[in-house]
Amino acid sequence: MLDNIIKGKAWIFGSDIDTDVIIPGKYLRTTDMQVFADHVLEGIDPEFPKKVKKGDIIVADDNFGCGSSREQAALALKYAGVACVVAKSFGRIFFRNAINVGLPLMEADVQCNEGDEVEIDLLQGTVKANGEVFKGNKLPDFLLEMLTEGGLVAQHKAKKNTH
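Conventions and cut-offs
Once a new chain begins, its residue numbering starts again from 1 and follows that chain's sequence as written. This being a predicted model, a pLDDT of at least 70 is required before a residue's local features are given, and a value of 80 or more before pairs of side-chain atoms are given or counted; all residues contribute to the totals for chains, interfaces and linings. As a rule here, side-chain values cover all heavy atoms of the structure and leave hydrogens and water aside. The term disulfide is used for any two cysteine sulfur atoms that are within 2.5 Å. Burial status follows relative accessibility: with a 1.4 Å probe on protein chains alone, a residue under 20% of its type maximum counts as buried, one over 50% as exposed, and anything between as partly exposed. Two aromatic rings from Phe, Tyr or Trp, using only the six-membered ring of Trp, form a pair when their centres are within 6.5 Å; if the ring planes differ by under 30 degrees the pair is stacked, by over 60 it is edge-to-face, and anything between is tilted. Runs of E in the DSSP output that reach at least two residues are strands. Runs of H or I that reach at least four are helices, and both are numbered from the N terminus. Criterion for a charge above a ring: Arg CZ or Lys NZ at most 6 Å from the ring centre, at most 35 degrees from the ring normal. A residue counts as positive if it is Lys or Arg and as negative if it is Asp or Glu; His and the chain ends are not included. Salt bridges, as used here, are contacts in which a Lys or Arg side-chain nitrogen is within 4 Å of a carboxyl oxygen on Asp or Glu. When checking whether two residues touch, look at their non-hydrogen atoms; a contact exists if any pair is within 4.5 Å.

A. Quick look at the state of the cysteines. The tally for this structure, following the rule as stated, stands at 0 disulfides. C84 takes part in no disulfide bond, and the closest cysteine sulfur to it belongs to C112, at a distance of 12 Å. Judged by relative accessible area, C84 falls into the buried class, the value being 0%.

The following block contains the structure:
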């Protein structure tokens, strides 16, 4: 399900991007993933939901996904087509929610510009941008396995079906 090498166009965001900015509370009453995708990060860039394409990568500074524990923030990014989020650090609950829903993440301090091609190697824990290689924090094998299987629920269903 998950490719260990993820290549995509970079979208640059700063520090302290909270879950209310990722998907505003007024959209949380639905279970329609398209609604989440249609409004992802619109508080920072109203055009972002229209501009983001499948396979794009978010590159952010510190504390991406801080704030409330809403799982919908990770789902909104995933269903908008974001292939991976790279940040210097993540809000801990967002980090685990992203893994649970199958949205790859990497903690790394990456220097690049919006629109640059970025290549993430999940197995090596590296990010390539502008001819440079940035070392990130490789996810533990059990989390990589969970991502490979599509997230926690998908992994649980797969294991349940094999027993």
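B. Molecular detail of the packing of aromatic side chains. Under the criterion given, the structure shown has 6 aromatic pairs. Aromatic side chains F64 and F94 sit 5.5 Å apart centroid to centroid with 70° between the ring planes, which places their arrangement in the edge-to-face category. Here the residue F64 occupies a position in the loop between β2 (57–60) and α4 (72–80), and F94 occupies one in helix α5 (residues 92–101), the gap between them amounting to 30 residues. The pair formed by F64 and F94 is uniform in burial state, with each residue classed as buried. Taking the centre distance of 6.3 Å and the plane angle of 15° together, the rings of F90 and F94 count as stacked. For the residue pair F90 and F94, the accessibility class agrees, reading buried in each case. The structure contains a cluster of three or more aromatic residues connected by ring pairs, namely F64, F90, F94 and F95. Just above the ring of F95 sits the side chain of R92; from NZ or CZ to the centre is 5.2 Å.

C. Representation of the side chain of D56 within the structure. With respect to the helices, strands and loops of the structure, D56 is situated in the loop between α3 (48–51) and β2. Salt bridges are absent for the buried D56, whose nearest opposite-charge side chain, K9, sits at 4.6 Å. Apart from the residues lying within four places of it in its own chain, the contact partners of D56 are K9, W11, K51, G81, V82, A83 and C84.

D. Focus on the pattern of salt bridges. If you walk through the whole model with that rule in mind, you get 8 salt bridges. With a closest N to O distance of 3.6 Å, E119 and K7 form a salt bridge. Taken together, the positions of E119 in strand β5 (residues 117–121) and K7 in strand β1 (residues 5–13) put the pair 112 residues apart, joining distant regions of the chain. Of the residues examined, E119 reaches a relative accessible area of 21% and is grouped as partly exposed. Here D20 ties to R70 by a salt bridge, and the two come within 3.0 Å at their closest N and O atoms. Highlighted residues: D20 in helix α1 (residues 19–22) and R70 in the loop between β2 and α4, separated in sequence by 50 residues. Members of the salt-bridge network, linked through shared partners, are K7, E119 and K128.

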